[in-house]
Amino acid sequence: QRIEIQKLRQGENLILGFSIGGGIDQDPGQNPFSEDKSDKGIYVTRITPGGPAEDADLRIGDKIMQVNGWDMTMVTHDQARKKLTKKNEDVVRLLITRKSLEEA
Amino acid sequence: MDTESTYSGYSHYSGRSRGSHRHGERSRDRHKSRSKDSRSEKSVTINTPPAEPLLGDSSLRGEQVQDDNWGETTTAVTGTSEHSLSQEDIVRITKDLEDSVGLDCRRYVTRSVAVILGLLVFFTPLAFLVLPHILWPEKLQSCGTACEGLFISVAFKLLILLLAVWALFFRPARAGLPRVFVFRILLAVLVLLFVISYWLFYSVRILDSQDENYQGIVQYAVSLVDALLFIHYLAVVLLELRQLQPCFSVCVTRATDGETRHYNLGQLSIQRAALAIIEHYYCDFPIHNPALLSASKSRAAKHLAGLKVYNVDGPGNNASAGIAQSQSRAMIAAAARRRDTSHNELYYEEAEHERRVRKRRARLVVAVEEAFTHIKRMQEEEPKKAPGDVMDPREAAQAIFPSMARALQKYLRTTKQQHCHSMESIQQHLAFCITNNLTPKAFLESYLSPGPTLQYGKDHWLGRRWTLISEASVTSGLKDGSVFLLKCVDFSLVVTSRKIPYVQMSEEYIDPKSHKFVLRLQSETSV
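Residues numbered from 1 in each chain as written. Chains lettered and ligands numbered in written order. Predicted model: local features only at pLDDT ≥ 70, side-chain atom pairs only at ≥ 80, totals over all residues. Heavy atoms only, no water.

Per an unreviewed UniProt entry, chain A goes by Tax1-binding protein 3 and derives from Gambusia affinis.

### Examining the overall build of chain B
The number of helices and strands found in chain B is 13 helices and six strands. Counting over 527 residues, chain B shows a buried share of 33%. Of the contacts made within chain B by residues no fewer than 6 positions apart, 77% connect residues no fewer than 24 positions apart. Taken as a whole, chain B presents about 32700 Å² of accessible surface, with 60% of it coming from carbon and sulfur. (Helix = DSSP H or I, 4+ residues; strand = E, 2+ residues; numbered from the N terminus. Buried < 20%, exposed > 50% of the residue type's maximum accessible area, 1.4 Å probe, protein only. Contact = heavy atoms within 4.5 Å. Areas by Shrake-Rupley, 256 points an atom, 1.4 Å probe, with all protein chains shown as cover.)

### Side note on the packing of helix H11 (residues 393–414) of chain B against helix H12 (residues 423–435) of chain B
When two helices pack together, their arrangement is given by the angle between the helix axes and by the axis-to-axis distance. All names here are of chain B. As a packed pair, H11 and H12 sit with axes 9 Å apart at the nearest point and diverge in direction by 125°. Comparing their axes, H12 and H11 come out oblique. For the pair H11 and H12, the crossing hand works out as right-handed. From H11, Pro-393, Arg-394, Ala-396, Ala-397, Gln-398, Ile-400, Phe-401, Met-404, Leu-408 and Leu-412 reach across to H12, where they touch Met-423, Glu-424, Ile-426, Gln-427, Leu-430, Ala-431, Ile-434 and Thr-435. Class assignment of the residues belonging to the contact of H11 with H12 gives a composition of 13 nonpolar, three polar and two charged. (Axes fitted to C-alpha atoms, helices over the stretch in contact; angles between N-to-C directions. Parallel < 35°, antiparallel > 145°, perpendicular 65-115°, else oblique. Left-handed = near helix turned anticlockwise from the far one by under 90°. Nonpolar A, V, L, I, M, F, W, Y, C, P; charged D, E, K, R; others polar.)

### Observations concerning the nonpolar core
Residues and elements named next belong to chain B. If you look at the biggest cluster of nonpolar residues, it comprises 35 residues, and the most contacted ones within it are Phe-128, Phe-194, Tyr-214 and Val-218. Elements supplying a minimum of two residues to this core: helix H3 (63–135), helix H4 (145–169), helix H5 (182–207) and helix H6 (214–241). Here this core gets 13 residues from one element, more than from any other, and that element is H6. Excluding residues within four positions of it along the chain, Val-218 makes contact with Leu-129, Cys-147, Leu-150 and Phe-151. By size, the runner-up hydrophobic cluster in this structure holds 26 residues, among which are Cys-247, Ala-274, Tyr-282 and Leu-493. (Core = buried A, V, L, I, M, F, W, Y, C linked by side-chain atoms within 4.5 Å.)

### Some words on a nonpolar patch on the surface
On the surface, Phe-151, Ile-152, Phe-156, Leu-159, Leu-163, Trp-166 and Phe-170 of chain B cluster together to form a nonpolar patch covering roughly 770 Å² of accessible area. If you trace the backbone, Leu-159 of chain B turns up in helix H4. (Patch = residues over 30% accessible without salt bridge, like charges linked within 9 Å, V, L, I, M, F, W, Y side chains within 5 Å. Salt bridge = Lys/Arg side-chain N within 4 Å of Asp/Glu carboxyl O.)

### Some thoughts on the sheet that holds strand E4 (residues 483–487) of chain B
Residue and element names in this part refer to chain B. Taken in spatial order, the five strands make up an open sheet running E2-E1-E5-E4-E3, and their pairing is antiparallel. Edge strands, defined here as strands with exactly one partner in the open sheet, are strand E2 (260–265) and strand E3 (467–470). Strand after strand, the sheet turns through a mean of 25° between neighbouring axes, direction not considered. Bridging between strand E1 (residues 248–254) and strand E5 (residues 492–499) involves seven bridges; their strand directions are antiparallel. Within E5, the residue paired with Cys-251 across the bridge is Thr-496. (Pairing = 2+ DSSP bridges.)

### So, the pairing of strand E5 (residues 42–47) of chain A
All names here are of chain A. Of the strand pairs in this sheet, strand E4 (residues 18–22) and E5 are connected by five bridges, and their pairing is antiparallel. Residue Ile-20 lies in a different strand from E5, and its bridge partner there is Val-44. Here E5 pairs with strand E6 (residues 63–67) via two bridges, running antiparallel. Paired with Tyr-43 across the strands is Lys-63, a residue of E6.

### Focus: the interface of chain A and chain B
The interface of chain A with chain B comprises 19 residues on the first partner and eight residues on the second. When chain A packs against chain B, the two sides together hide about 1200 Å² of surface, and 44% of this comes from carbon and sulfur. Viewed at the interface, chain B and chain A are joined by one salt bridge. The salt bridge partner of Arg-46 of chain A is Glu-524 of chain B, with a shortest N-O separation of 3.2 Å. For the pair chain A and chain B, the number of links is two residue pairs in polar contact (both at pLDDT 80 or more). Elements with a contribution of two residues or more to the side of chain A that touches chain B: E4, E5 and helix H2 (77–84) of chain A. Element by element, the count of residues in the side of chain A that touches chain B is highest for E4 of chain A, at five residues. Classifying every residue of the side of chain A that touches chain B gives six nonpolar, ten polar and three charged. (Buried area = accessible area lost by both parts, 1.4 Å probe. Polar contact = N/O pair within 3.5 Å; in protein donor to acceptor, adjacent residues only side chain to side chain.)

### Re unusual backbone geometry
Among all residues except glycine, the phi angle is most often negative; among peptide bonds, the trans geometry is most common. In the Ramachandran plot, Asn-68 of chain A falls in the positive-phi region, its phi being about 50° despite a non-glycine side chain. Locating Asn-68 of chain A in the fold gives a position in the loop between E6 and strand E7 (70–71). Under the relative-accessibility criterion, Asn-68 of chain A is labelled partly exposed at 28%. Backbone geometry places Lys-416 of chain B, a non-glycine residue, at a positive phi of 60°. Considering the arrangement of structural elements, one finds Lys-416 of chain B in the loop between H11 and H12.

### Section: the pattern of salt bridges
Pairs can form between side chains of opposite charge once their charged atoms are near each other. On inspection of all chains with the given rule, the structure shows twelve salt bridges over all chains. A salt bridge links Glu-424 of chain B to Arg-394 of chain B, with the nearest nitrogen and oxygen atoms 3.6 Å apart. Separated by 30 residues along the polypeptide, Glu-424 of chain B in helix H12 and Arg-394 of chain B in helix H11 bring together distant segments of the chain. The exposure class of Arg-394 of chain B is partly exposed, given its relative accessible area of 37%. One connected set of salt bridges, linked through shared partners, spans Asp-78, Arg-81 and Lys-82 of chain A.

### Let's talk about the environment of Phe-201 of chain B
Residue and element names in this part refer to chain B. Within the fold, Phe-201 resides in helix H5. A residue is classified by how much of its surface remains accessible, and Phe-201, at 38% relative accessible area, is partly exposed. Residues in contact with Phe-201, not counting those within four places in the same chain, are Ile-206 and Tyr-220.

### Describing the environment of Gly-17 of chain A
Structurally, the position occupied by Gly-17 of chain A is in the loop between strand E3 (14–15) and E4. For Gly-17 of chain A, the contacting residues outside a window of four places in its chain are Arg-46, Ile-47, Thr-48, Pro-52 and Ala-53 of chain A together with Val-527 of chain B.

### Describing the pairing of E6 of chain A
In summary, the side chains of a regular strand alternate between the two faces of the sheet. Residue and element names in this part refer to chain A. Relative to strand E8 (residues 91–97), E6 is paired through four bridges, and the arrangement is antiparallel. Bridge assignment links Val-67 to a residue of E8, and that residue is Leu-94. The pairing of E6 with E7 spans two bridges and is antiparallel. Note on E7: the bridge partner recorded for Gln-66 is Asp-71. Counting the residues between successive antiparallel strands, the hairpin from E6 to E7 contains two residues, one of them, Asn-68, with a positive phi of roughly 50°.

### A look at a positive patch on the surface
All names here are of chain B. On the surface, Lys-359, Arg-363, Arg-406 and Lys-410 cluster together to form a positively charged patch. Along the polypeptide, Arg-363 turns up in helix H10 (residues 340–373). The class for Arg-363 is partly exposed, based on a relative accessible area of 48%. (Lys, Arg positive; Asp, Glu negative; His and termini not counted. Charge placed at Lys NZ, Arg CZ, Asp CG, Glu CD.)

### Brief notes about the packing of H12 of chain B against helix H13 (residues 440–448) of chain B
All names here are of chain B. Where H12 meets H13, the closest approach of the two axes is 9 Å, and the angle between their N-to-C directions is 150°. When the interaxial angle is binned, H12 and H13 end up roughly antiparallel. The crossing of H12 and H13 is right-handed. The segment H12 lies against H13, with Ser-425, Ile-426, His-429, Leu-430 and Cys-433 engaging Phe-443, Ser-446 and Tyr-447. Of the residues in the contact of H12 with H13, the class split is five nonpolar, three polar and no charged.

Encoded structure:
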């Protein structure tokens, strides 16, 4: 569990360079990254190459636990998206967990 | 103790009428059938020994011994069979005579008893009504209106009873069965007892005392007719309705080629179940074709030939018997190794046969289609052709038959069906198809696939004589796991029965408003 700091690079909009999936309003069984298929957390499903997420060493399959202090384990998909794309923030701090970290 | 009951039914379809079945066999007939059984047991067991000499004695030992052994074996085999045949023959002849005499006797006896009982039953109420008028007319009270109304009811009830008995019992018998129907005997006895008791009461109380109350007598007669109608209802339930509800599932397998069918039967006695199965057999099972079994028989003969190479010195020689046993085991092992080629042969032979059949079938279909195009149904509006051109169906069939005859015959020969269809029957079938506007495909259907036995001519029905072989008594009911055999001349049907399981069904109610759905997504948004 590490804290990663990402920069919002502004092309025109603030982009972080990854895609998220999951949420309490979604179907957890279809999540390919979760071990426990009833886990409704937010997972990183894709990372755009060369984006700020990749630079900050975010990996596909990471589960996002907190965003800037906001808890992400019990939010809907839309709420998570909003928390991540707040316009007035440059830096987004994420608390993530990953399977390899748990084993370590 | 095994009671094997075998009885060759010599009856044709005009067997014992069902009316005659209402009444029982005399005890001497039952006794006779039991004595027949013991004799038939003896005649059946003699058949088995000839198998052993064939395996045991035939040997190719030495040159000088060879011919003798060969001679011995042939005489041994025919010797035992001749012996058994001669004994069997006598037994069979006497059984035949006795059977035919016995059967006719049985039929006449049962029929006459049935008729007598029927007349007795029918005329009893009338006698009850008429006798007072004959015997003591002066003392009799006159019949009032209520009494005369009862006359009408008696008349109609007797009419209904007559019609009902005719409908239930006087149907042409389908078959002759080895033993009697237990239920029919029970009913006959019941009816007899009933009528006798009524007559006793009548004679003691009414005739002796010469009762004047005619209305009472008429009511008594009406009660008799009512009771007879109720007994008839009981007969309907016991004989017809009870076995309608399916209770057992029977599996019928033909011993020669393994054709299997399953049927659902109700609670029947074994002989009635056998009769129902035979009737299903005639319409469901494809015809028994002995020509198709020759291939497997020749393979079996080849195996047997491979095994025959060992010596048996003779009976009573223990050492050589021991040697023979060890030798035979070695021989069997060698034969097992040798068997590797036969499955290969079978595979290629079957593939070749399949190809040949398909080729001939294609030629046949084309030939028949072409032949059918030569014929056209004459329309009425066409100008009348010369009478020489106009043909009736039979002539038309004969006209187009030659063009397809060769292809058809070759196909039948390849599928080994040529003995089932004579030229006459083919032409008849062709005329039939032409008359009823059947397409060539419909015409061919009866030749391409073997149909049920009844489809072929009467000479192919292979005997309407069936032998029922069962360990349990044939009048006992079907049980779970009962097995019996139905033997015909060429083959036998093995029947096993299983009880249909008890079904426990429960109910679950679904509210039609409860069909609601939610959307479950796994969406991905990029941030």
